[in-house]
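# Architecture and fold: a report
Residue-level listing of the chains:
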Amino acid sequence: MLRWTDDNRFVLDGTAFHAMPPGMLSVGADVELRDDEFFVFKSRDDVERYVALFAEAAPRRVFELGIYGGGSTLLFGKLVQPGRVVAIDRLALRDNLAKLRRYTEAHGLSDVVRPFGEVDQADRARLAELVETELGGGPLDLVVDDCSHLYEPSLASFNELFPRLRPGGAYVIEDWRWAHTPVGDDQPEGLLTDQVPLTRLLFEIALAIPGRPGLVSDLSIEADYAVVRRGDLDVEAAEFDVAACSNPRGRALLAEAP
Ligand SMILES: C[S@@+](CC[C@H](N)C(=O)[O-])C[C@H]1O[C@@H](n2cnc3c(N)ncnc32)[C@H](O)[C@@H]1O
C-alpha cells in the first residue's frame with residue numbers, strides 16, 4: 001500500500017521514494033535525497049496515475065525507457081510483481097544503478113528489476129535483444145517512454161517495442177508537449193526550437209489508426225502523458241515503421257512540418 005508522508009514523499013512496502021516537487025524542471029537538481037530514498041522523476045499525480053494503471057492492467061512484462069535516479073524503475077518493480085521490469089538508459093548511471101542493485105539484491109528483487117545502463121533508446125537491435133533475453137521474447141504488457149523526449153529516438157523505440165505489445169497492452173509516452181506553450185505565452189515557439197517536436201510521433205500514431213486498421217486500438221492524450229493501446233493486427237517488429245502507416249494524404253499533412 002502506498003502512503004504519502006508529505007507532499008512529495010511516499011512509502012511503498014517499507015521503501016521510501018521522493019517524487020518530483022511541483023515546478024522542478026532540471027533533472028534532479030533541487031532534491032536532497034536521504035540515503036534510503038529513491039528519486040522518482042514524476043509528480044505526485046503521475047505516481048498516482050501509474051499506481052492506478054498497474055492496478056487496472058496488472059502488467060507482468062514491462063519495458064521502461066529512461067532510468068535516471070532509478071526510483072521509477074523500483075516503483076514499477078514493486079508494482080509489477082510477480083512480473084519483471086526491464087529498464088534502459090543511455091548513461092552508465094553508475095552510482096544510481098549501484099544503489100538500485102544493492103537494494104534489489106537485499107530485498108530479493110534482482111530477478112524482478114532489471115536495469116541496463118549505456119543502452120540508447122534508438123538502438124533497436126539492443127532493445128530487441130533485451131526483449132528476447134530478459135522478457136522471454138514478449139509479448140509485452142506495458143512500455144513507458146520517459147527518455148529522450150526527442151522525435152527520432154522516440155520513434156525508433158516505438159517502432160521496435162509497440163509491435164511487441166500484446167493486444168490491449170499500453171505504450172505510454174511522457175512529456176511530449178515541450179514544443180507547445182499556451183497561446184499568448186511569451187515563448188510561443190516552446191523549447192528546443194532546433195528539434196522536431198515529439199508531437200509528430202503522436203500525429204503519426206493518430207494517422208495509423210485509419211491507415212493500419214487494428215494496429216492501434218486507442219490513443220488518449222493528456223498534457224504530458226499519452227497512452228497508445230495495441231490492437232490485434234499482427235506486424236513484424238523488424239520491419240515496422242509507424243511513420244509509414246498512412247496513405248499519401250495523411251503523410252502530406254506532416255510533409256511540411258519540421
Ligand atoms: C526524465 S529521466 C528518466 C526519469 C525516470 N523514468 C523517473 O521517472 O524517475 C530521462 C532519462 O533518459 C535518459 N536518456 C536521454 N536520452 C536517451 C536516449 N537516447 N537513450 C536512452 N536514454 C536516454 C537520460 O539519461 C535520463 O536519465
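Just so you know, the residues in each chain are numbered from 1, in the order the chain's sequence is written. For a predicted model such as this one, the threshold for reporting local features is a pLDDT of at least 70, and the threshold for listing and counting side-chain atom pairs is 80 or more; totals across whole chains, interfaces and linings nevertheless cover every residue. Heavy atoms throughout the structure, all of them, feed into the side-chain values; hydrogens and water do not.

## Some thoughts on the sheet that holds strand 7 (residues 113-116)
Each pair of strands is called paired provided DSSP finds at least two bridges between the two strands. Helix and strand labels come from DSSP, where a helix needs a run of H or I of at least four residues and a strand needs a run of E of at least two; each type is numbered from the N terminus. Taken in spatial order, the seven strands line up as 7-6-5-8-9-11-10 in an open sheet, and their pairing is mixed. Edge strands, defined here as strands with exactly one partner in the open sheet, are strand 7 and strand 10 (216-222). Between one strand axis and the next, the sheet turns by 15° as a mean value, whatever way the strands run. In the sheet, strand 5 (residues 61-65) pairs with strand 6 (residues 84-88) via five bridges, with the strands oriented parallel. Opposite Phe63, over in strand 6, you have Val86 as the bridge partner. All axes here are fitted lines through C-alpha atoms, helices being fitted over the stretch that makes contact, and every angle between N-to-C directions spans 0 to 180 degrees.

## Brief notes about the sheet that holds strand 2 (residues 9-12)
Read from one edge to the other, the open sheet built from four strands follows the order 1-2-3-4, with strand pairing classed as mixed. On the outer flanks of this sheet lie strand 1 (2-4) and strand 4 (37-39), each paired with one strand and no other. On average, adjacent strands in this sheet sit at an angle of 30° to one another, irrespective of strand direction. With three bridges connecting them, strand 1 and strand 2 associate as antiparallel partners. Its bridge partner being in strand 2, Arg3 is matched across the sheet by Val11. It only takes one pair of heavy atoms within 4.5 Å for two residues to be counted as in contact. On the sheet, helix 1 (residues 44-57) packs against strand 1 and strand 2 and is oriented at approximately 165° with respect to strand 1.

## Considerations on empty space enclosed by the protein
Buried and open spaces are told apart on a 1 Å grid over the protein atoms alone, a cavity being a set of points where a 1.4 Å probe fits but cannot get out and a pocket being an open set with protein on both sides within 12 Å along at least five of seven lines. Residues with an atom within 4 Å of a point are the lining residues. Grid points are joined across faces, edges and corners, and a volume is the space filled by probe spheres set on the points. The tally for this structure, following the rule as stated, stands at two cavities of 30 Å³ or more. Here the largest cavity defines a volume of roughly 60 Å³. Leu53, Ala57, Pro59, Asp141, Leu142, Arg166, Gly168, Gly169, Ala170 and Arg229 are the residues that line the largest cavity. At the level of elements, helix 1, strand 8 (140-145) and strand 9 (165-174) are the ones that each hand at least two residues to the lining of the largest cavity. When residues in the lining of the largest cavity are grouped by element, the largest group, four residues, is from strand 9. Its residues placed into classes, the lining of the largest cavity shows five nonpolar, two polar and three charged. Quantified by volume, the second largest cavity comes out at close to 30 Å³. Nonpolar residues are Ala, Val, Leu, Ile, Met, Phe, Trp, Tyr, Cys and Pro. Charged residues are Asp, Glu, Lys and Arg, and all others, Gly as well, are polar.

## Here we look at the site of the ligand
Around the ligand, the surrounding shell holds 18 residues, and the nearest of these are Phe41, Gly66, Asp89, Arg90 and Gln121. Counted as a polar contact is a pair of N or O atoms within 3.5 Å, where, for protein atoms, one must be capable of donating a hydrogen and the other of accepting one, and residues adjacent in sequence contribute only when both atoms are in side chains. A distance of 3.0 Å separates an oxygen atom of the ligand from a polar side-chain atom of Lys42. For the ligand, an oxygen atom lies 2.6 Å from a polar atom in the side chain of Asp89. Here the Shrake-Rupley method, with its probe set to 1.4 Å, supplies the accessible areas, and only the displayed protein chains count as covering residues. In isolation the ligand has 610 Å² of accessible area, and contact with the protein removes 92% of it. By residue class, the composition of the shell around the ligand is eight nonpolar, four polar and six charged. Proximity criterion: a residue is near a molecule or strand once any of its heavy atoms comes within 4 Å of it.

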